[in-house]
Every structure is written in structure tokens, then in C-alpha cells.
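Observations on chain architecture
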Amino acid sequence: MLRDKVIEIFVPADDFCNEFSTCIQQFRLESREVKHRNRQPSLSDSEIISILIFFHFGSFTNFKHYYNNYVKVHLSDCFPGLVSYNRFIELQQRVAVPMMLFLKICCLGKSRGINFVDSTHLKVCDVRRIHNHKVFKEVAERGFTSIGWFYGFKLHLIINDRGEILAFYLTKGNVDDRDIKVMKSLTENIFGKLFGDKGYVSQPLFDLLFADGIQLITKVRKNMKQKNLTETEQILLRKRAIIESVNDELKNICKLQHTRHRSVNGFLFNIMATLAAYSFFPKKPSLNIQMENSNQLCLAA
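Now for a look at the structure at hand. The shown structure was predicted, so the numbers you read here are calculated from the model rather than taken from an experiment.

Rules behind the numbers
Residues numbered from 1 in each chain as written. Predicted model: local features only at pLDDT ≥ 70, side-chain atom pairs only at ≥ 80, totals over all residues. Heavy atoms only, no water. Patch = residues over 30% accessible without salt bridge, like charges linked within 9 Å, V, L, I, M, F, W, Y side chains within 5 Å. Areas by Shrake-Rupley, 256 points an atom, 1.4 Å probe, with all protein chains shown as cover. Salt bridge = Lys/Arg side-chain N within 4 Å of Asp/Glu carboxyl O. Helix = DSSP H or I, 4+ residues; strand = E, 2+ residues; numbered from the N terminus. Buried < 20%, exposed > 50% of the residue type's maximum accessible area, 1.4 Å probe, protein only. Contact = heavy atoms within 4.5 Å. Disulfide = S-S within 2.5 Å. Axes fitted to C-alpha atoms, helices over the stretch in contact; angles between N-to-C directions. Left-handed = near helix turned anticlockwise from the far one by under 90°. Nonpolar A, V, L, I, M, F, W, Y, C, P; charged D, E, K, R; others polar. Phe/Tyr/Trp six-rings, centres within 6.5 Å; stacked < 30°, edge-to-face > 60°. Lys NZ or Arg CZ within 6 Å of the ring centre and 35° of its normal. Core = buried A, V, L, I, M, F, W, Y, C linked by side-chain atoms within 4.5 Å.

**Some points on a nonpolar patch on the surface**
Residues Val97, Leu101 and Ile105 make up a contiguous nonpolar surface patch of roughly 270 Å² in combined accessible area. By secondary structure assignment, the location of Leu101 is in helix α5 (residues 96–106). Of the residues examined, Leu101 reaches a relative accessible area of 31% and is grouped as partly exposed.

**Let's talk about the side chain of Asp161**
Relative to the assigned elements, Asp161 resides in the loop between β3 (148–160) and β4 (165–172). On the basis of relative accessible area, Asp161 is assigned to the buried category, the value being 0%. Apart from the residues within four sequence positions on either side, Asp161 is in contact with Arg112, Ile114, Phe116, Ile242, Ser286, Leu287 and Ile289.

**A look at the state of the cysteines**
On inspection of all chains with the given rule, the structure shows zero disulfides. In this structure Cys254 is a free cysteine whose sulfur lies 12 Å from that of Cys107, the closest cysteine sulfur available. Its relative accessible area of 0% is what places Cys254 among the buried residues.

**Description of the packing of helix α1 (residues 2–27) against α5**
At a minimum axis separation of 10 Å, α1 and α5 run at an interaxial angle of 115°. As for the relative orientation of α1 and α5, their crossing is right-handed in sense. Of the residues in α5, those touching α1 at Pro12, Ala13, Phe16 and Phe20 are Val97, Pro98, Leu101, Phe102, Ile105 and Cys106. Of the residues assigned to the contact of α1 with α5, the class counts are ten nonpolar, no polar and no charged.

**With respect to unusual backbone geometry**
Backbone geometry places Glu138, a non-glycine residue, at a positive phi of 65°. Counting through the fold element by element, Glu138 comes out in the loop between β1 (114–125) and β2 (141–145). Judged by its relative accessible area of 70%, Glu138 falls in the exposed class. If you check the backbone angles, Lys255 has positive phi at about 60° while not being a glycine. Note that Lys255 resides in the loop between α9 (242–252) and α10 (264–279).

**With respect to the packing of aromatic side chains**
On inspection of all chains with the given rule, the structure shows 22 aromatic pairs. Centroid distance Phe136 to Phe153: 5.5 Å. Interplanar angle 75°. Geometry classified as edge-to-face. With a gap of 17 residues between them, Phe136 in the loop between β1 and β2 and Phe153 in strand β3 connect regions that are remote in the sequence. Each of the two residues, Phe136 as well as Phe153, counts as buried. Ring pairs connect the aromatic residues Phe54, Phe55, Phe57, Phe60, Phe63, Tyr66, Tyr67, Tyr70, Tyr85, Phe88, Tyr278 and Phe281, which therefore count as one cluster. The ring of Phe168 is capped by Lys104, whose NZ or CZ atom sits 5.3 Å from the centre of that ring. The ring of Phe55 has Lys255 sitting right over it, with the charged end atom 5.4 Å from the ring centre.

**Some points on the nonpolar core**
Core analysis: the biggest nonpolar cluster contains 69 residues, and Ile51, Leu52, Phe63, Tyr67, Phe88 and Leu275 have the highest contact counts within it. For this core, the element with the most residues is α10, which contributes nine residues. Other than its neighbours up to four places away in sequence, Leu275 contacts Leu103, Leu155, Leu157, Ile165, Phe168 and Leu250. Membership of the second largest hydrophobic core comes to 15 residues, among which are Ile158, Val182, Tyr200 and Leu205.

Here's what the structure looks like:
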């Protein structure tokens, strides 16, 4: 079962890396003064990406233990060119760009007109240890959520009704969910209705998205008047918790959040691998919605 999952990840990653490498070679500027070594690495880019992504499917919580005690022991036939753990950490820096492009091009879903937006906090240490924290010093920031204060970052997500991630944006912990720059980037390829919680209540944001053909629908606060929503919109607004389920899977199954990062690069690789791994999940939190035509929806009971 696990070997089948390795193959399922490796095949699209390898196809993408081959195409990416071909494009790079076509537009590469050669220098006559500098000679480049063309020695083939023992691990290809697609193999490195596959190993990074596959980590988020197992029960391992420590990548070093996973690589030394599982990959090198049980997957040595799948990856015959395995190197030492320290060398692998050095090699993974090489796949930063292709891995991000693979995530953006091959692992994200498409909007179907029903979208949900939310952010989840990523704490990097306990708030009582902020002054002793060194890895993310001057990078992370204090933020406040419904569960209290934290020190770290925010991951902003938009998903569709099938639970597929459509867009993501990483910010510091003190960035408002209604930040115009963040929302403009997130909704670049979104259309239709966008459902959010009370944290997205903002008339300027509503007007901005409406001008782009997106209707922002949120719950109202106690001091606000009720909005005139259709029955379908009211049902979908109550189903907004689907994105909370996605955040829960990312954190508790894919190990999106932990406080053992030793570098900023490792933190970013962990986020990219987590989001990519989620796209390969056979079952995702979803709504049983059937599109009868371009303007009507059928909500199953």
C-alpha cells in the first residue's frame, strides 16, 4: 500500500521535473568564462521531492528518524541512489524552485464557484519562550486568534467544495485576515461565491472582490443587521466548517505544525511538502454537491 503511494507521488513529480529541466535547458544562458559541471547527482530532483512528500503520509514525526530508519531500510529498492541524511539535507535545497512550481501547477484544485476561505496559525514556539527563540528571530511575529496569543505565522487557504486547496499564502502572525494584498493574491483564480467567518467582515474587501466577480459571504456580528441570503447561501455558509476540517488534517495528519524547525528553509520545505501530500489524499473533507447546470446547484441531504 505504501509503496503504491510512493509510485503515485513519484510518477507526476518525475514527469514535471523532466519537463521543467527541458524548459530550463532551452532558455539557459551559457557563459564561456564559467565552466559548469554536468555530473549526474545520485538522487534526482523527482526522487528528493517524492521523499519529502511521502514523509507526511506515515506516522513519523521526526524527518531524520524517517529518512534513516524507514527510507534507507525499506525504500532502498525504490531509491537506489540514497545518500546520507546530512547530504540529503544539502541536496533538498536544489529542489526549492521545482517543488514550489510542482505544488502550484500540479497539486492545486480548480474553483467550481463555491469557495471557502480561512487562516490557521502556525506557532514556532511557546509564547513564554519567545525571547529565547533564535531560529525565527525577526521573522515570526506575535498574533492573536480565538484560542489566544501565539508566536509564528499564518497560513491562509482557499478550498473548493471538494476540499481541494485552490490557493495558499503564508504571512507573519500579526497580519490581518482581511489584508488586501493577501486576499488579492488568494482570489486571483477564484470565481463565484467565497464563504468566510466573521474575521472577514469588511466592506472595502467586499467591494474589492465584488469588482472581480467574487461575492464574499460571511456571518454577521451581533451589532450588524442580518443579510438577505438565499436558502442555498445559508446552507453553504453553515457548511463553512469544511475548511476547519482541512486545517485539522493538515496539522494532525500531515504534521504541518511543529516546534522543532532548525532553519527557515526547513520550515518552508515542510509547508510545501505538507500541501503537496494533502493533494494525494484519496479522501478529503467535501460537500456532496452536484452541478446540475452552470447556474444551479443540487445539495444532497
